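# Summary of the model geometry
What follows is the residue order along each chain.
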Amino acid sequence: MEGGTPLFIQKFFQSPKQVGSLFPSSLSLAKKMTAPLCWDHIDIAAELGAGTGVITKEIIRNLKPGSELYIFEKDEEMRKKLKLEFFRNTVCEDARHILSSTGKDQETLDAIFSGLPFANFTRELQNEIVEEVYRSLRPGGILVAFQYSTQMKRTFQSIFRTVEISFVAKNFPPAFVYICEK
């Protein structure tokens, strides 16, 4: 079991709507989320809902030297652990405030990765975060998000130029990966 698994399980039982799953993301899911990107063109990225950092590690492994990664995690205890482990990166709290948290202008980020459990959020919160993601991405920027259903398909299709969905069976629970281009 991965080192962050006990904390992740504890946080799920404390706040299942915020955490979204009983177990952290698998390495298979992390690789599926990072594989389709052209990393040479990513200078500034963000990860929303980093949890215990499984996907964060894979993002950092792919980033070219000098690139910036902003890590967002709402849970205070998980955020503290992320700050210790990924001390070279900026760790932020609220995915509704990507631009103000990063100090970047609109349409600046090249890629945003999301593990946020949108299905557990109110429609209002979903829209608020998706609109902030869209404002944050440069034209041609990519949102890579995983979900446990296809519920967000229409929402993403209504705002992004293209939306592709793939399935990752080697995750518990199995997940859908959305690749959305602005």
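Structure: see above.
A brief look at the structure comes next. (Residues numbered from 1 in each chain as written. Predicted model: local features only at pLDDT ≥ 70, side-chain atom pairs only at ≥ 80, totals over all residues. Heavy atoms only, no water.)

### Quick word on the packing of aromatic side chains
Geometry of an aromatic ring pair is reported as the spacing of the ring centres plus the angle between the planes. Here is the rule: Pairs were defined over the aromatic rings of Phe, Tyr and Trp, the Trp ring being its six-membered one, requiring ring centres within 6.5 Å. Orientation was assigned from the angle between planes: stacked under 30 degrees, edge-to-face over 60, tilted for the rest. Numbered from the N terminus, helices here are DSSP runs of H or I no shorter than four residues, and strands are runs of E no shorter than two. Think of it in three bands: with a 1.4 Å probe and only protein chains considered, a residue is buried below 20% of the maximum accessible area for its type, exposed above 50%, and partly exposed in between.
Inspection of every chain in the model, using the stated rule, returns eight aromatic pairs. On the numbers, 6.0 Å between centres and 85 degrees between planes, the contact of Phe 118 with Phe 156 is edge-to-face. Here Phe 156 lies in helix α8 (residues 153-159) and Phe 118 lies in the loop between β4 (109-114) and α7 (123-136), a separation of 38 residues in the sequence. Ring geometry for Phe 156 and Tyr 178: centres 5.1 Å apart, planes at 75 degrees, overall edge-to-face. Taken as a pair, Phe 156 in helix α8 and Tyr 178 in strand β7 (residues 175-181) lie far apart in primary sequence, 22 residues in all. Residues Phe 156 and Tyr 178 agree in their burial class; the two are buried. Three or more aromatic residues link up through ring pairs in this structure, and these residues are Phe 118, Phe 121, Tyr 134, Phe 156, Phe 160 and Tyr 178.

### Description of helix α3 (residues 27-34)
The condition that has to hold: Along the arc lie the directions from the helix axis toward the C-beta atoms.
Those residues of α3 not exposed but buried are Leu 29, Ala 30, Met 33 and Thr 34. What you see down the axis of α3 is that its buried residues fit within an arc of 125 degrees, all on one side.

### Regarding the pairing of strand β5 (residues 137-147)
Heads up, the condition is: Each pair of strands is called paired provided DSSP finds at least two bridges between the two strands.
The buried fraction of β5 amounts to eight of the eleven residues, a majority that puts the element mostly inside the structure. Sheet topology places β4 next to β5; five bridges connect them, and they run parallel. What sits directly across from Ala 111, in β5, is Ile 142.

### Focus: unusual backbone geometry
The linkage connecting Phe 172 with the following residue, Pro 173, adopts the cis geometry, with an omega of -5 degrees. Mapped onto the secondary structure, Pro 173 falls in the loop between β6 (162-168) and β7. Despite not being glycine, Glu 107 shows a phi value in the positive range, around 55 degrees.

### Overview of the pattern of salt bridges
Inclusion rule: Salt bridges, as used here, are contacts in which a Lys or Arg side-chain nitrogen is within 4 Å of a carboxyl oxygen on Asp or Glu.
Scanning the entire structure with this criterion turns up twelve salt bridges. As a salt-bridge pair, Glu 58 and Lys 31 come within 3.5 Å of each other at their nearest N and O atoms. Residue Glu 58 is found in helix α4 (residues 54-62), and its partner Lys 31 is found in helix α3; the two are separated by 27 residues along the sequence. Linking Arg 138 and Asp 110 is a salt bridge whose minimum nitrogen-to-oxygen distance equals 2.6 Å. Placement of Arg 138 in strand β5 and of Asp 110 in strand β4 is noted, with a sequence separation of 28 residues between them.

### Let's talk about α4
Heads up, the condition is: By definition in these notes, contact holds between two residues if any of their heavy atoms fall within 4.5 Å.
Of all the residues in α4, the buried ones are Val 54, Ile 55, Thr 56, Glu 58 and Ile 59. Contacts from the buried residues of α4 go to α3, β1 (44-48), β2 (68-72), β4 and β5.

### Concerning the environment of Arg 161
Here is the rule: Here a polar contact is recorded for every N or O atom pair within 3.5 Å, except that within protein the pair must consist of a potential hydrogen donor and a potential acceptor, and residues adjacent in sequence are included only if both atoms are side-chain atoms.
Tracing the sequence through the fold places Arg 161 in the loop between α8 and β6. Residue class for Arg 161 comes out exposed when judged on its relative accessible area of 58%. The sequence separation of Arg 161 and Glu 181 amounts to 20 residues, and the corresponding C-alpha distance is 5.7 Å. Here Glu 181 takes part through its side chain, which lies 2.3 Å from a polar atom of the side chain of Arg 161.

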